[in-house]
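Spelled out from the first residue to the last, the chains are:
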Amino acid sequence: MILTTTPTIEGRTITEYQGIVFGEVIAGVNFLHDIAASLRNFVGGRSASYEDELIQARSAAMDELRRRAEALGADAVVGIDIDYEVLGANNGMLMVTASGTAVKLA
């Protein structure tokens, strides 16, 4: 399965558009990560715990997008866009959505 942010795939011809596919993940960030991030905010630098949460959520959203495209019989997903939002009363939830167009290739 080819996954790309571009609208075409160099050297390949799109023969059929099978529809828009999505992958969505809403992940809670636990309080231990909040404590570590608060300390990092105080002393400066990167927050590895939040970065790890972001990487895992993005990976899960892309996996879901791939599974949905495969279920349609697609060979690739083009034009992928990834969006991030924080949700919840204290912004304690991270939402990652990935969307693109599932296509068949020649």
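Procedures and definitions
Residues numbered from 1 in each chain as written. Predicted model: local features only at pLDDT ≥ 70, side-chain atom pairs only at ≥ 80, totals over all residues. Heavy atoms only, no water. Helix = DSSP H or I, 4+ residues; strand = E, 2+ residues; numbered from the N terminus. Buried < 20%, exposed > 50% of the residue type's maximum accessible area, 1.4 Å probe, protein only. Contact = heavy atoms within 4.5 Å. Areas by Shrake-Rupley, 256 points an atom, 1.4 Å probe, with all protein chains shown as cover. Core = buried A, V, L, I, M, F, W, Y, C linked by side-chain atoms within 4.5 Å. Pairing = 2+ DSSP bridges. Patch = residues over 30% accessible without salt bridge, like charges linked within 9 Å, V, L, I, M, F, W, Y side chains within 5 Å. Salt bridge = Lys/Arg side-chain N within 4 Å of Asp/Glu carboxyl O.

Draft legend 1. A look at the overall build of the chain. In terms of helices and strands, the chain carries two helices and four strands. Reading the secondary structure of the chain in the N-to-C direction produces β-β-α-α-β-β. Considering the chain as a whole, with its 106 residues, one finds that 31% of them fall into the buried category. Taking the contacts inside the chain whose residues are at least 6 apart along the sequence as the reference set, 75% of them involve residues at least 24 apart. With the model as given, the accessible surface of the chain reaches about 6,700 Å², and the carbon-plus-sulfur share is 54%.

Draft legend 2. Up close: the nonpolar core. One finds Val-21, Leu-65, Ala-69 and Val-77 to be the most contacted residues of the largest nonpolar core, which totals 15 residues. Among the secondary structure elements, those contributing two or more residues to this core are strand 2 (14-28), helix 2 (48-71), strand 3 (76-87) and strand 4 (93-105). At five residues, the largest contribution of residues to this core is made by helix 2. Residues in contact with Val-21, not counting those within four places in the same chain, are Leu-65, Arg-68, Ala-69, Leu-72, Val-77, Ala-98, Ser-99, Gly-100 and Ala-102. Among the nonpolar cores identified, the runner-up in size contains six residues, and Ile-9, Ile-14, Ala-76 and Leu-105 belong to it.

Draft legend 3. Quick look at the pairing of strand 4. The sheet contact formed by strand 2 and strand 4 spans 13 bridges and is antiparallel. The partner of Gly-19 across the bridge, within strand 4, is Ala-102. For strand 3 and strand 4, the ladder comprises ten bridges, and the chain directions are antiparallel. In the sheet register, Glu-85 faces strand 4, and the bridge partner there is Met-95. Following strand 3, the chain reverses through five residues before pairing antiparallel with strand 4; Gly-88 in that reversal takes a positive phi of roughly 100°.

Draft legend 4. Highlighting a nonpolar patch on the surface. A contiguous nonpolar patch, built from Ile-26, Leu-87 and Met-93 and spanning about 240 Å² of accessible area, is present on the exposed surface. When its relative accessible area of 53% is taken as the criterion, Ile-26 is described as exposed.

Draft legend 5. Structural detail: the sheet that holds strand 2. One open sheet holds the four strands; their spatial order is 1-3-4-2, and the pairing between them is mixed. With one partner strand each, in any of the chains shown, strand 1 (2-3) and strand 2 form the two edges of the open sheet. As paired strands, strand 1 and strand 3 are joined by two bridges and run parallel to one another. Residue pairing in the sheet places Ile-2 in a bridge with Ala-76 of strand 3.

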